[in-house]
Amino acid sequence: LVLIQLTLRNSFRFIAKPCAINLGIQDSGPHRAQPNAILEKVFTSITKSPGGKRLEGLSKQLDWDVRKIQRWFRHRRNQDKPTTLTKFCESMWRFTFYLSIFFYGIRFLWTAPWFWDTRQCWYNYPFQPLTSRLYYYYILELAFYWSLMFSQFTDIKRKDFLIMFVHHLATIGLITFSYMNNMVRVGTLVLCLHDASDFLLEAAKLANYAKYQRLCDAFFMLFGVVFIVTRLGIYPFWILNTTLFESWELIGPYPSWWLFNGLLVTLQILHIIWSYLIIRTAYKALVRGKVSKDDRSDVESSSEEEDATSNSTKGVFSTSSNGSNRINGHVASGQWTEE
């Protein structure tokens, strides 16, 4: 299923690409650095971001201005990044999956008794039936997060790479652990809750790539509200309450109680970190009048943007692809990126 997920992701571009082209998104990459053997050797063998002394040495060796050398390294760092069209296709795939799996989960859980009474998660535990719909819901989510784990190493490197890596590990560990221990009832609640805001973020990125800034800002603000309400409100008072206290009361301290709740608390810590970044981004957006850059976005903005904004105030987001930005990504100078 993981291979199927990765294959679907790669194949989905045949659907997403025509949509992107119809929206006017061009398949053009960043400006390429002019060929230079000396700078290329420094870039590949020594450093991608030379310091002051090395820049001065290169300036004397090449008889180039330091500013010109800095620009060359910016162009070189950015020339291998994927195009906006590629990022649009990736976000459209994630949007489609998140939206589909969220509505599947809601439809399935709406008739489940534990959705309305979390104490039902522990009645007759561990002798609870595993229905086919519950099984497919679980296995699809697990395969998707494994595919995210693998693709993270091939996607654009982001500031929150380590946080997202820990998040994917914790999520995969929770899904696998809860399935093996037949804690699938509370597991479905956790999955559905996390899917509630993800598709809104991907929708915001799609709007940004298509240069619909107002729609992008609206989706991001809606995403921020849903994220904070679900991750800082519903998650601790609904999910953690039942796993920490109701389970202890109804079935006692089972052997894996500490490990299971430790993973869930780890997710809550990540929720707090991301919520802080979202609130800071929203505050800067209100001050500037628009969403401008995601604090967990790409390592650096494109060289063209840097050159154009070197003498002005830069935005809070940079243009690239979450991807994720969970947060899975956002904008620069009013443009979005992915995480």
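Criteria and thresholds
Residues numbered from 1 in each chain as written. Predicted model: local features only at pLDDT ≥ 70, side-chain atom pairs only at ≥ 80, totals over all residues. Heavy atoms only, no water. UniProt positions renumbered as here; feature names shortened; annotations may be inferred. Helix = DSSP H or I, 4+ residues; strand = E, 2+ residues; numbered from the N terminus. Buried < 20%, exposed > 50% of the residue type's maximum accessible area, 1.4 Å probe, protein only. Areas by Shrake-Rupley, 256 points an atom, 1.4 Å probe, with all protein chains shown as cover. Core = buried A, V, L, I, M, F, W, Y, C linked by side-chain atoms within 4.5 Å. Contact = heavy atoms within 4.5 Å. pLDDT = per-residue confidence, 0-100. 1 Å grid on protein atoms, 1.4 Å probe; cavity = no way out; pocket = protein on both sides within 12 Å on 5 of 7 lines; lining within 4 Å. Points joined across faces, edges and corners; volume = space filled by probe spheres on them. Nonpolar A, V, L, I, M, F, W, Y, C, P; charged D, E, K, R; others polar. Expected span 1.5 Å × (residues − 1).

Per an unreviewed UniProt entry, the chain is named CERS5 synthase, and its organism is Cochlearius cochlearius. Here the chain is described in UniProt, under the heading Catalytic activity (unreviewed entry), as follows: "sphinganine + octadecanoyl-CoA = N-(octadecanoyl)-sphinganine + CoA + H(+)".

Asker: Could you give me a rundown of the overall build of the chain, with the residues and numbers involved?
Answerer: Helix and strand counts for the chain come out as 13 helices and 0 strands. Counting only residues that meet the buried cut, the chain has 53% of its 339 residues in that class. Total accessible area on the chain is roughly 16,200 Å²; 63% of this is exposed by carbon and sulfur atoms.

Asker: Residues and numbers for the nonpolar core, please.
Answerer: In terms of nonpolar packing, the biggest core is built from 56 residues, with L109, W114, Y235 and F260 touching the most fellow members. Contributing elements (two or more residues each) for this core: α6 (84-109), α7 (113-116), α8 (132-151), α9 (161-180), α10 (184-209), α11 (213-251) and α12 (257-288). In terms of residue count, α10 provides more of this core than any other element does, 12 residues in total. With sequence-adjacent residues up to four places away left out, L109 is seen in contact with W114, F115, W116, T188, L189 and C192. The next biggest cluster of nonpolar side chains, apart from the first, holds 10 residues, and it includes V42, F43, W64 and W72.

Asker: Can you explain the confidence of the model for the chain? Please cite residues and give values.
Answerer: When pLDDT drops low, the exact placement of atoms in the prediction is not to be read closely. The predicted model of the chain averages 77 in pLDDT, with 77% of residues at 70 or higher. When pLDDT is averaged over each helix and strand of the chain, the minimum, 38, is found for helix α13 (residues 303-309) and the maximum, 94, for α7. Long-range and interchain partners of residues 292-339, a stretch whose pLDDT sits below 50, account for 231 contacts in this model, where long-range means more than four residues apart.

Asker: So what's going on with empty space enclosed by the protein? Which residues, and what values?
Answerer: Quantified by volume, the largest cavity comes out at close to 150 Å³. Surrounding the largest cavity, 14 residues form its lining, L174, I175, G187, V190 and L191 being those nearest its centre. Elements represented by at least two residues in the lining of the largest cavity include exactly α8, α9, α10 and α12. Ranked by residue count, the leading element in the lining of the largest cavity is α10, at 5 residues. Split into classes, the residues belonging to the lining of the largest cavity amount to 10 nonpolar, 4 polar and no charged.

Asker: Could you give an account of the UniProt feature "transmembrane region" (unreviewed entry) in the chain, naming the residues involved and the relevant values?
Answerer: Taking the UniProt record as the reference, the feature "transmembrane region" (unreviewed entry) is found at residues 95-115, 135-154, 161-180, 219-238 and 258-279. Overall, residues 161-180 shows 100% helix and 0% strand. The separation of its end C-alpha atoms is 28 Å. Its end C-alpha atoms 31 Å apart, residues 258-279 is made of 100% helix and 0% strand.

Asker: Go over helix α5 (residues 66-78), please, and point to the residues and values.
Answerer: Its 13 residues place the ends of α5 19 Å apart at the C-alpha level, agreeing with the 18 Å of an ideal helix rising 1.5 Å per residue. Taken together, the buried positions of α5 are occupied by I69, W72, F73, R74, H75, R76 and N78.

Asker: Describe unusual backbone geometry, and please don't skip the residues or the numbers.
Answerer: Leave glycine aside and you will find that most residues have negative phi; peptide bonds, for their part, are mostly trans. The step from Y125 to P126 runs through a cis peptide bond, and the omega angle for that step is 5 degrees. As for its position among the elements, P126 is in the loop between α7 and α8. Not every positive phi belongs to a glycine, and N124 is a case in point at roughly 60 degrees. Along the chain, N124 turns up in the loop between α7 and α8. Using a relative accessible area of 61% as the deciding quantity, one classes N124 as exposed. The phi dihedral of K211 falls on the positive side, at around 65 degrees, and the residue is not glycine. Here K211 lies in the loop between α10 and α11. In this structure K211 comes out as exposed when scored by relative accessible area, which is 65%.

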